[in-house]
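# Breakdown of the fold
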Amino acid sequence: MIRAVEASQAVSAPVLAAYRYCETVTGQQARNFAYGIRLLPTPERRAMSALYAFSRRVDDIGDGELPGAVKVERLEDTRALLGRVQAGAVEEDDTDPVAVALAHASGVFPIPLGGLDELIDGVQMDVRGATYETWDDLKVYCRCVAGAIGRLSLGIFGTEPGARGVERAPEYADTLGLALQLTNILRDVREDAEGGRIYLPADDLAKFGCSAGFAGPTPPEGSDFAGLVHFEVRRARALFAEGYRLLPMLDRRSGACVAAMAGIYRRLLDRIERDPEAVLRGRVSLPGREKAYVAVRGLSGLDTRHVSRHTLRGRA
């Protein structure tokens, strides 16, 4: 998927206003992703902000306090709006700025908008209170809510002409999304449990004596909570290693964006690994200066060069 579309800098006033709205939403709510998005050229940054604002709307419906039946109705309304975007039926003077921005972005970049249908499907799984017996079950959910976002983002980034193995770029983008989502699940295990949600596979919980759940700041009595966390951390690291194969297929600034976003989550994973019980005491996060360092590292291309060297060695 090379960049077959050149993004024009000329944007009408209504569309520009819509993009500004989406960038405001992104700046205020995308606490980690915003560091990567800032590294992109203006057209790509605007498009990613539109994608984020639509995704945020879907997530907010799922995470809100409304009754389940109302959530389902609103998710279907959002799916209908997406259908209008896909059909080219959103005009520049539409009253919904997110729809206007997303419609424009999808006209400039080959964004596979069906991925947003998958996101809605995943959030509906949350609304239904779905639980997951195995990792294969959980992967279905993760692919809907995160892998799909990776594939959508790739439509904006494009790939470098002549990049090796480029036919696997969507697969790597999907896998990187899984890595980020599993890191999110580990970070939010206590918060999710308080909201009545358990994402970690039931067979993993049973293996480490954690089937009782996580109702407080300490692990279930007699459990090997640290063992559970380290097991899932290893799984996430393997996903990151596979997903990072995407980096050499991207241009410098798109690669920097991906490396920054993924790098922040890898560092979160490091913190969780060092102190597994921290996720039961509160939200594990990185200070702003560390996020900024990761962004600069991504822009320098260090991660891309590292992946490229290892990939070449693997072929030798």
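Residues numbered from 1 in each chain as written. Predicted model: local features only at pLDDT ≥ 70, side-chain atom pairs only at ≥ 80, totals over all residues. Heavy atoms only, no water.

### Quick look at the pattern of salt bridges
A complete count under the given rule lists 26 salt bridges for this structure. Across the salt bridge formed by Asp 117 and Arg 79, the nearest N and O atoms sit 2.9 Å from each other. Here Arg 79 lies in helix H4 (residues 68-86) and Asp 117 lies in helix H6 (residues 114-127), a separation of 38 residues in the sequence. A salt bridge links Asp 204 to Arg 235, with the shortest nitrogen-to-oxygen separation between them at 2.9 Å. Taken as a pair, Asp 204 in helix H10 (residues 202-207) and Arg 235 in helix H11 (residues 225-243) lie far apart in primary sequence, 31 residues in all. The two residues Asp 204 and Arg 235 agree in class, both being buried. Among the ionic contacts, a cluster of salt bridges with common partners joins Glu 76, Arg 79, Asp 117 and Asp 121. (Salt bridge = Lys/Arg side-chain N within 4 Å of Asp/Glu carboxyl O. Helix = DSSP H or I, 4+ residues; strand = E, 2+ residues; numbered from the N terminus. Buried < 20%, exposed > 50% of the residue type's maximum accessible area, 1.4 Å probe, protein only.)

### A few points about the side chain of Thr 183
Relative to the elements of secondary structure, Thr 183 occurs in helix H8 (residues 169-187). The contact partners of Thr 183, leaving out residues within four places of it in the chain, are Ala 236, Phe 240, Tyr 265, Leu 268, Leu 269 and Ile 272. (Contact = heavy atoms within 4.5 Å.)

### Re the confidence of the model for the protein
Considering every residue of the protein, the mean pLDDT works out to 90; 91% of them sit at 70 or more. Looking over the protein, one finds the lowest element-wise mean pLDDT in helix H15 (residues 302-315), namely 52, and the highest in helix H5 (residues 97-108), namely 98. In this model residues 2-8 is a low-confidence stretch, pLDDT under 50, and it forms 13 contacts with partners more than four residues away in sequence or in other chains. (pLDDT = per-residue confidence, 0-100.)

### Concerning the packing of helix H3 (residues 42-63) against helix H7 (residues 135-157)
Packing of H3 against H7 brings their axes to within 10 Å, and their N-to-C directions diverge by 160°. As far as their axial angle goes, H7 and H3 are roughly antiparallel. Relative to H7, the crossing made by H3 is right-handed. Here Glu 44, Ala 47, Met 48, Leu 51 and Ser 55 of H3 come into contact with H7, specifically with Ile 149, Leu 152, Ser 153, Ile 156 and Phe 157. Looking at the contact of H3 with H7 residue by residue, the classes come out as seven nonpolar, two polar and one charged. (Axes fitted to C-alpha atoms, helices over the stretch in contact; angles between N-to-C directions. Parallel < 35°, antiparallel > 145°, perpendicular 65-115°, else oblique. Left-handed = near helix turned anticlockwise from the far one by under 90°. Nonpolar A, V, L, I, M, F, W, Y, C, P; charged D, E, K, R; others polar.)

### As for the packing of helix H1 (residues 13-29) against H5
Where H1 meets H5, the closest approach of the two axes is 8 Å, and the angle between their N-to-C directions is 110°. Taken together, the axis directions place H1 and H5 in an arrangement best described as roughly perpendicular. Along its contact with H1, which presents Pro 14, Val 15, Ala 18, Tyr 19, Tyr 21 and Cys 22, the element H5 presents Pro 97, Val 98, Val 100, Ala 101, His 104 and Ala 105. Residues belonging to the contact of H1 with H5 are distributed by class as follows: 11 nonpolar, one polar and no charged.

### As for the environment of Asp 188
Examined against the element boundaries, Asp 188 turns out to sit in the loop between H8 and helix H9 (189-194). A residue is classified by how much of its surface remains accessible, and Asp 188, at 11% relative accessible area, is buried. Note: C-alpha distance between Asp 188 and Thr 42 (146 residues apart in sequence) is 32 Å.

### Looking at the packing of aromatic side chains
As enumerated under the stated definition, the model contains six aromatic pairs in all. Centre to centre, the rings of Phe 208 and Phe 231 are 5.7 Å apart; their planes meet at 45°, and the pair counts as tilted. Of this pair, Phe 208 sits in the loop between H10 and H11 while Phe 231 sits in helix H11, and the two are 23 residues apart along the sequence. For the pair Phe 214 and Phe 225, a centre-to-centre distance of 5.5 Å together with 65° between the ring planes defines the contact as edge-to-face. Taken together, the residues Phe 214 in the loop between H10 and H11 and Phe 225 in helix H11 connect sequence positions 11 residues apart. Taken as a pair, Phe 214 and Phe 225 share a single burial class, namely buried. (Phe/Tyr/Trp six-rings, centres within 6.5 Å; stacked < 30°, edge-to-face > 60°.)

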